[in-house]
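The lines below spell out each chain.
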Amino acid sequence: MEFLFSHLLTLILFLPTLFALVLLVLPPKEVKLIRWTALIASLIPLGLSLLLWFRFNPALTGFQFQEQITWYDAIHSMYHLGIDGISLTMVILTTLLTPLAILASFNIQDRVKAYMILFLLLETGMLGVFVTLDLLLFFVFWEVGLIPMYFLINQWGGANRGYASLKFILYTMAGSLGLLLAIQMIGVLAGTYDMQVLFKVWPGIQQGMLFGLPVGTVKAVAFWAFVIAFAIKVPVWPFHTWLPDAHTEAPTAGSMLLAGVLLKLGGYGFLRLVLPLFPLESKMFAGTLALLATLAIILGALGAYGQNDFKRLVAYSSINHMGFVVLAIAAAAWAAGTDNAVIAMNGAVLQMFNHGLSAAGMFFLVGVIYDRTHTRDLNAYGGLFALTPIYGGILLFTAMASLGLPGLNGFVSEFLVVRGAWPVFTLATALSMIGLFFTGAYVLKALKKVLHGPLNERWVGHLPEIKPREMAVIAPLMVLILSIGIWPSWILTVINHAVSMWF
Amino acid sequence: MIMNTLIWLLPLPPLLAFFLIVLFTNRSNRLSHTLAIGAALLSWAGAMYVFWGAIHVPDLAQNPIASAINWFPTGNTWFRIGVQIDPLSTVALFFVAWTILMIFIYSVGYHNYGQPKGDHDQPGLPPHGATLAGKDGHEHHVPSIEPMYARFFAFSSLFAFAMYLLVVSDNLLTLYIGWEIMGLCSYLLIGFWYAKESARNAAVKAFLTTRVGDVFMLLGLAFLYSTTGTLNYHEIFGNPALLEKLATTGSGILGLSVAGAIGLLLFLGTVGKSAQFPLHVWLPDAMEGPTPVSAMIHAATMVSAGVYLAIRIFPLVSAGWIPGTPLNTTMTVMALIGAFTALFSATIAVGQNDIKRVLAYSTISQLGYMIAALGVGAYTAAAFHLVTHAFFKALLFLGSGSVIHGMEHGVLHTGKHVDAQDMFNMGGLRKKMPLTFWTFLIGGLALSGFPLVTAGFWSKDEILAGAFNGGHLVVFITLALAALLTAFYTMRQISLTFLGKPRTPAAEHAQETGWTMTLPLVVLAFFAVTAGWAGISSSFPGLGRLVPNWFEGFVGTMLAETETAAAALHSLVPLFTSLVVALGGLALGWWVYKDLPLGAADPLQNVFKGFYTLLKKKYYLDEAYDFLFVGPSHWIADVLTAEWVDRKMIDGFLHGVAKLALTLGTTLRNFFDLPVVNGTGDALGEGVRNFGTSLKVIQTGRVQQYLIIGVLILVTVGILFYFLLTLSLI
């Protein structure tokens, strides 16, 4: 018990990998065994992170559940873990969505063993980014998360998977290069990779010359290296075009985790590293960031509205929703230390969590209908509400969460973002309303084409209702969506304490 | 304490009914409607209790019954939400509770509860009727039950929940939540028969058109919240110092004060929700939903919510304005939009043949009245008209539904299909459907403002008086003209529907509807008459002295003293005007349409040819919007954003980079790797191999030869050493 509590983060982090190794020795023919082992393997971290949630004390400042072991002494890098309210929220999101994604993958027939191993490795990669307090380790996990996803898209993806997976990995790698250099530079100059130390030391380095250049310039370059890496991941316009391809071609569960968690790595990078490490630069370039965020909100929504492929439409919606996260980050960067910043940050973190729920749900529901019809063309559906009323109701519910209907989760976070950003970037906030309007337009377009309208006779008798296993995937998401919409303070209390501490 | 708890509980029964029906009872029609109506009844009873308690609280406006809880943290503070009953919410609660309950009861009959299942009805389409073998051996056609009966009650319950939530909430954010949930419900219910192309388009149109207003409203909320740090009614509207400050601070937007700018943003929400020009286009199309839904949207919930908001924020909008002085910008905008909408949609109503569409445009027109009233500062008149209108418009819609139901019965009976909603197919229904006729007549007269006996007269008269006494002649004349047209098209509707002789066999065989439908008509007719007595103006000759103006005394306390001090001028001009336009319009309508034969064109068509077509086509606004907004936004989304920017520009650039890298790689390979790197390497390798090959000749495998080679090497080395040694020794 003692060991359990003192190594909670390590256990959550590496249990999936451990189970991946177990899977490795299972006979590939035992598909059922492999599936259930994988599911259980992902449920244990969920249970542990619930334990984490209840043992976490939001009122404390600083990081909790810290673990620290020497790792790479020669360059002062350590295996250092710890969480605050922001990372805790993301950990919960990850450990929640992974079992759901694995359960959603129970219909995968092809090379199940490899598939499940990749998912478990992916979980470790994603969790690592959220729980590490060492900059170098951050980068390691950042890259580790990339590889399984590449193979998942490349091997189990749709028709255009080769192109999509290559675009995904090259794009992210391109961002990582700058990130690695910037991290190295910080590490060399500060003599440590420990984030807690860096948060104190690094922003203070203002005078003098580095590499024959003024410190300000070097820091600005490093800032942009960070920003671009994270902006690609979020993604911020105009770095977004990998996303519709990757999300559309990925297998259903892959899309769930891509949209649900992987995009949050970018947002988390902004919150955890960019704002604390580069407060001055963040403020200097906040306007640019706000502009890009507004463009992401507007053009993401317009892009979604322009699609006739159901999955692509949902993929574009992520750009639109994550734009609000970046808008809040920009506002907080500009107005650091004010109420506006705190409210905007509350909105940003909650919006990440909310988008994780609703986007994963939407991708899953697209997958459900794709499994049955083998098409994603919106014009090929029509009037399906009559055939599958339960599925229709669930789709309606989830789509409304994505639309930001008050009473469901998305509204709370969007309201907080708009409220926080309005006094800071009034024009950008006002313009982002165009995006919010078109959010309505594309969500209704999807519902209109899938559920409503004259029944497409082609599907009569070929469209079974949603199955219990599929209900088990979507139900937890729906419960959370509703509970945050009605009573947001259970999660916002945790977030609020953390962001009040930082901003 | 009991009161406080009760107010919290008011919205819950319908919400609970919604979840229970969706999750558990959706297969049982009886259980579902029992749940829904039971919930509506509970909320109604609670609302009446609260209403009764509230009107006996002295100084309710200053000391509203309120309680609040923390909802979510914002830094060191909490955002609090709660419930509040003040005079405005009290009267709103009254009409909301009554109309919702009546509409729910009515829906049972409207959706043919108790009738057999249709022969080939399917979910998503209105029921087509069932065939029964009668006792006499003849087959006959009867109406069939709605295939999605339970779903209707589920959605309606959610709708009712949202409206109750909106009315009891004490802050603008929970109001907005109820507001938007109603948007969803209107979408679901307008598109209830979703398999109809027209219904699904109307649903999307309703949601998106109102959303235009909603996004502005959201900005208004953010603006207000960030300026004042609260969204609570009492803390903002009941705080003169704060309002004063907001009214005197410039916002930097269009030269408006902060109060004006926020007021305008919030008002745009009303423009969408209450279907004011130019966002009115969704409301007539909302007729695609079942008729009880129309009544919900037009009276009990949706559009009333818009006006309710406008009344709520009036202290903010009018901050710094003193009655008798020129209106501020936001008020002017409200007055002009309201008055224009009132007249504009009244003209369209004249050209419509669909019984429900006429009513739809009349709603827009009446809402325009309320907005205009607020614009000119006639606060209580607006609230009063909101209440009376809710009653008589619910009555009219339910009445029209009853007419359509009766007509459909006739259509099924005769087997000859005619449009059951076209008034030119009706006529003479007063004898077939007496109860519907008399109640509809009461509603119609109330809408026209028939003097003394109808509620509509008293509230409309107050608005006209407000506009005239405030000196806003343009508004006054516009509203008076609109009132004339209202009386005219109402009488046109009544004449075409009920008077004269039946024009079609269907009308000949129309039948009065059952008690579940007529009972609500009678109840609402009662209020369409009596609601007016609560607000008889004290300056009305004779009656004004006898009957106290309870409404003014109750709701009027919502405003600070200075604002209620109505203009001193009490002229009889508005009273005479309203008498003349109401009676004149009614007489004219009767005279023109009293005995129209079958197939006759609308008499107006002969007189104003081109203009009539313009009215019939609703001034071509739908077409104009399609051309100006819908088409371009499709192009911007499909072509510009998704295709050009993303695929061509950004991806084009990326592919260019990829291509460049590939070309560079290939070039390097062809011109450096292959000739230089590989060339050198190859040459080296080749050289070594050649050398090896030439050495190969000595590897023969014969020991004698190896010995000879060994001896030779030894001798050579020995000689070399010898020389080297001797040389070094020298």
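Residues numbered from 1 in each chain as written. Chains lettered and ligands numbered in written order. Predicted model: local features only at pLDDT ≥ 70, side-chain atom pairs only at ≥ 80, totals over all residues.

### Comments concerning the overall build of chain A
When helices and strands are tallied, chain A shows 21 helices and four strands. Considered along the principal axes of its C-alpha atoms, chain A spans approximately 75 × 55 × 40 Å. Out of the 503 residues belonging to chain A, those deemed buried represent 63%. Considering only residue pairs separated by 6 or more positions, chain A has 81% of its internal contacts joining residues 24 or more positions apart. (Helix = DSSP H or I, 4+ residues; strand = E, 2+ residues; numbered from the N terminus. Buried ≥ 20, exposed ≤ 12 C-beta atoms within 10 Å, placed from the backbone. Contact = placed C-beta atoms within 7 Å.)

### Side note on the overall build of chain B
Secondary structure assignment for chain B yields 31 helices and four strands. Relative to the globule expectation of 27 Å for 730 residues, the C-alpha radius of gyration of chain B, 39 Å, shows a markedly less compact shape. The dimensions of chain B, computed from C-alpha atoms along their principal axes, are 155 × 80 × 55 Å. Here chain B holds 730 residues, and the buried ones make up 55% of them. (Rg over C-alpha atoms; globule rule 2.2 N^0.38 Å.)

### Concerning the pairing of strand β2 (residues 77–85) of chain B
Residues and elements named next belong to chain B. Across nine bridges, the pairing between strand β1 (residues 65–74) and β2 is antiparallel. The residue of β2 that forms the bridge with Ala66 is Gln84. Between β1 and β2, which follow one another and run antiparallel, lie two residues, and Gly75 among them has a positive phi close to 70°. (Pairing = 2+ DSSP bridges.)

### A closer look at helix α6 (residues 172–190) of chain B
In this model α6 of chain B runs 26 Å from its N-terminal to its C-terminal C-alpha over 19 residues, within 8% of the 27 Å that 1.5 Å per residue would give. Taken across its 19 residues, α6 of chain B has 19 buried, putting it largely inside the fold. (Expected span 1.5 Å × (residues − 1).)

### Details of the domain arrangement of chain B
Split by domain assignment, chain B resolves into domain 1 (387–612), domain 2 (624–697) and domain 3 (702–730). A C-alpha centroid distance of 61 Å is found between domain 2 of chain B and domain 3 of chain B. (Domains from an automatic or database assignment.)

### Description of the interface of chain A and chain B
Listed by partner, the interface residues are 45 residues for chain A and 42 residues for chain B. Elements represented by at least two residues in the side of chain A that touches chain B include exactly α14 (286–305), α16 (339–373), α17 (389–403), α18 (409–421), α19 (426–450) and α21 (489–502) of chain A. It is α19 of chain A that contributes the most residues to the side of chain A that touches chain B, eight residues altogether. Across the side of chain A that touches chain B, the residue classes tally to 26 nonpolar, 16 polar and three charged. (Nonpolar A, V, L, I, M, F, W, Y, C, P; charged D, E, K, R; others polar.)

### Topic: the packing of helix α17 (residues 379–414) of chain B against helix α20 (residues 455–469) of chain B
Residue and element names in this part refer to chain B. In contact at an axis separation of 9 Å, α17 and α20 are set at 155° when each is read in the N-to-C sense. Our classification of the angle between α17 and α20 gives roughly antiparallel. Between α17 and α20 lies a crossing whose hand is left-handed. Facing Ala381, Phe384, His385, Thr388, Phe391 and Phe392 of α17, the residues of α20 in contact are Ala455, Gly456, Ser459, Lys460, Glu462, Ile463 and Gly466. (Axes fitted to C-alpha atoms, helices over the stretch in contact; angles between N-to-C directions. Parallel < 35°, antiparallel > 145°, perpendicular 65-115°, else oblique. Left-handed = near helix turned anticlockwise from the far one by under 90°.)

### A closer look at helix α3 (residues 31–55) of chain A
Residue and element names in this part refer to chain A. Between its first and last C-alpha atoms α3 spans 37 Å; for 25 residues at 1.5 Å apiece the expected length is 36 Å, and the two agree. Burial in α3 covers these residues: Ile34, Arg35, Ala38, Ala41, Ser42, Pro45, Ser49 and Leu52. Summarising the contacts, the buried residues of α3 are in contact with α2 (8–25), β1 (64–72), α4 (85–104) and α5 (112–131).

### Details of the packing of helix α10 (residues 258–273) of chain B against helix α13 (residues 302–312) of chain B
Residues and elements named next belong to chain B. Look at α10 against α13: their axes get within 8 Å of each other, and the N-to-C directions meet at 160°. Here α13 runs roughly antiparallel to α10, going by the angle between their axes. Regarding α10 and α13, the two cross each other, and that crossing is left-handed. Touching Leu266, Phe267, Gly269, Thr270 and Lys273 of α10 are Met302, Val303, Ala305, Gly306, Val307, Leu309 and Ala310, all from α13. Of the residues contributing to the contact of α10 with α13, the split by class is eight nonpolar, three polar and one charged.

### Observations regarding the environment of Pro454 of chain A
Tracing the sequence through the fold places Pro454 of chain A in the loop between α19 and α20 (468–486). For Pro454 of chain A, a count of 15 C-beta atoms within 10 Å gives the class partly exposed. Sequence separation of Pro454 of chain A and Leu384 of chain A is 70 residues, and the distance between their C-alpha atoms is 8.7 Å. The contact partners of Pro454 of chain A, leaving out residues within four places of it in the chain, are Gly382 and Gly383 of chain A together with Ala195 and Glu197 of chain B.

### Topic: the environment of Ala480 of chain B
All names here are of chain B. Its place among the elements puts Ala480 in helix α21 (residues 473–498). Taking the number of C-beta atoms within 10 Å as the measure of exposure, Ala480 has 21 and is therefore buried. For the pair Ala480 and Met331, spaced 149 residues apart in the sequence, the C-alpha separation amounts to 20 Å. Among all residues touching Ala480, those that are not within four sequence positions of it are Leu464, Thr577 and Val581.

### A word on unusual backbone geometry
Residues and elements named next belong to chain A. Residue Pro235 is reached from Val234 by a cis peptide bond, and omega for that bond is -10°. The residue Arg111 is not glycine, and still its phi comes out positive at about 45°. Tracing the chain through its elements places Arg111 in the loop between α4 and α5.

### Considering the nonpolar core
Ranked by internal contacts, the top residues of the largest apolar core, which has 455 residues, are Ala331 of chain A together with Leu479 of chain B. Residues lining this core come from more than one domain, with at least three contributed by each of domain 1 (387–612) and domain 2 (624–697) of chain B. Excluding residues that lie within four positions of it along the chain, Ala331 of chain A makes contacts with Ala290, Asn340, Ala341, Ala344, Gly420, Ala421, Val424 and Phe425 of chain A. (Core = buried A, V, L, I, M, F, W, Y, C linked by C-beta atoms within 7 Å.)

### Considerations on the confidence of the model for chain B
For chain B, mean pLDDT is 86; residues scoring 70 or higher make up 98% of the total. Overall fold confidence (pTM) sits at 0.90, and the ipTM for the predicted complex is 0.92. (pLDDT = per-residue confidence, 0-100.)

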